[in-house]
Structure formats: structure tokens, C-alpha cells
Amino acid sequence: MIRVAHCVGFYFPEQIGGIEVYVQDLLAELGAFGVGGHVIAATNETFRQYEWQGVQVSRYPAHWANVREYSVARPHAGLSKFQQLVLDDRADIFHLHWWTASPGLERLKQIARLGIRCVVTMHVPAALCMRGTMLLHGRRPCDGLIEEKRCAQ
């Protein structure tokens, strides 16, 4: 069975919003096709794991991407605790749903180094669009071409 690690910034029951609902529904739909999955979500608290409506959830301290294991006696020496978490969950695909400075590019780079395929869903355009609307000049849908002069008008 293929397993997908869905990485989000927040998750149930602490946060309830569009991305959380989308991920919960996506997990259910993929499950109907025999694709397993779990959620990996950052927290400002300590690491914990729980089940939410049939979905395994791992809440990891946000700084784990910067914490590395250097003991050569341990398997995966040199990996971050975040990388180790994804490996422990046996993910075949890493799906990033939350693009910010924290779980964005650095998380993708770390997972790519593990040889795990990555998918990114941009739920909100703020990371790509200066306006945050994907509307060219605020009037019509943008074609996605990012040009400093055009976008800053």
C-alpha cells in the first residue's frame, strides 16, 4: 500500500479551517482507492501522536527540522528529527500543504534528500502572489507569470 505523509501547519482538534478539512477529506478519498496516509503537523508543544477520526497524526515541535542526530552509532546519523519522523512513518510520498518560511522549502529539501517523492498544494496564493489574490491588477485571473514590475503595479 502506498503511504502519503500530509504535512500541514495545523490540524484537528486544535485548529479547524479550510486546509484541515481539505486534508481530512483527501485522506478519506485516497483511502477509498487503497492509498494510506497520515498527518504530520507542527506544534509549539512537545511531540505527540494521536488518532483523529481514523487518521494517525504526529505533532512535532517546529524546530525539529533544525535538530540533528550526530551519533554515528545510531541509524540515519546526520538526519534531522523531522526527516527521521517521516522515515519512521514509512511515507512513500510527502505532500506539503502549508507553505511558509517554516515548513516550506527547507522541509521539501530535507525530504527530497531521503529520496521520497514530494507534492505541494498551494491552498492560498500568498506565497506566490504579492496581492495574495492571484488577480492580475486586482481585476482578472492571473496567468501565473510572476514578474516584479507587473506584479507590483
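Quick note: structure is the one above.
These figures come from a predicted structure and were not determined experimentally.

Definitions and limits used
- Residues numbered from 1 in each chain as written.
- Predicted model: local features only at pLDDT ≥ 70, side-chain atom pairs only at ≥ 80, totals over all residues.
- Heavy atoms only, no water.
- Axes fitted to C-alpha atoms, helices over the stretch in contact; angles between N-to-C directions.
- Helix = DSSP H or I, 4+ residues; strand = E, 2+ residues; numbered from the N terminus.
- Parallel < 35°, antiparallel > 145°, perpendicular 65-115°, else oblique.
- Left-handed = near helix turned anticlockwise from the far one by under 90°.
- Contact = heavy atoms within 4.5 Å.
- Nonpolar A, V, L, I, M, F, W, Y, C, P; charged D, E, K, R; others polar.
- Buried < 20%, exposed > 50% of the residue type's maximum accessible area, 1.4 Å probe, protein only.

**Structural notes on the packing of helix α2 (residues 81-88) against helix α3 (residues 105-113)**
One way to put it is that α2 packs onto α3 with a least axis distance of 10 Å and a crossing angle of 55 degrees. Classified by the angle between their axes, α2 and α3 sit oblique to one another. By crossing handedness, the relation of α2 to α3 is classed as right-handed. For the pair formed by α2 and α3, the contact residues are F82, Q83 and V86 on the first element and R107, Q110, I111 and R113 on the second. Residues that form the contact of α2 with α3 fall into these classes: three nonpolar, two polar and two charged.

**Comments concerning unusual backbone geometry**
Of note, the bond from F12 into P13 is cis; its omega dihedral lies within 30 degrees of zero at -5 degrees. Counting through the fold element by element, P13 comes out in the loop between β1 (3-8) and α1 (18-32). At M134, a residue that is not glycine, the phi angle is positive and equals roughly 60 degrees. Tracing the sequence through the fold places M134 in the loop between β6 (117-120) and β7 (135-136). Overall, the relative accessible area of 28% leaves M134 in the partly exposed class.

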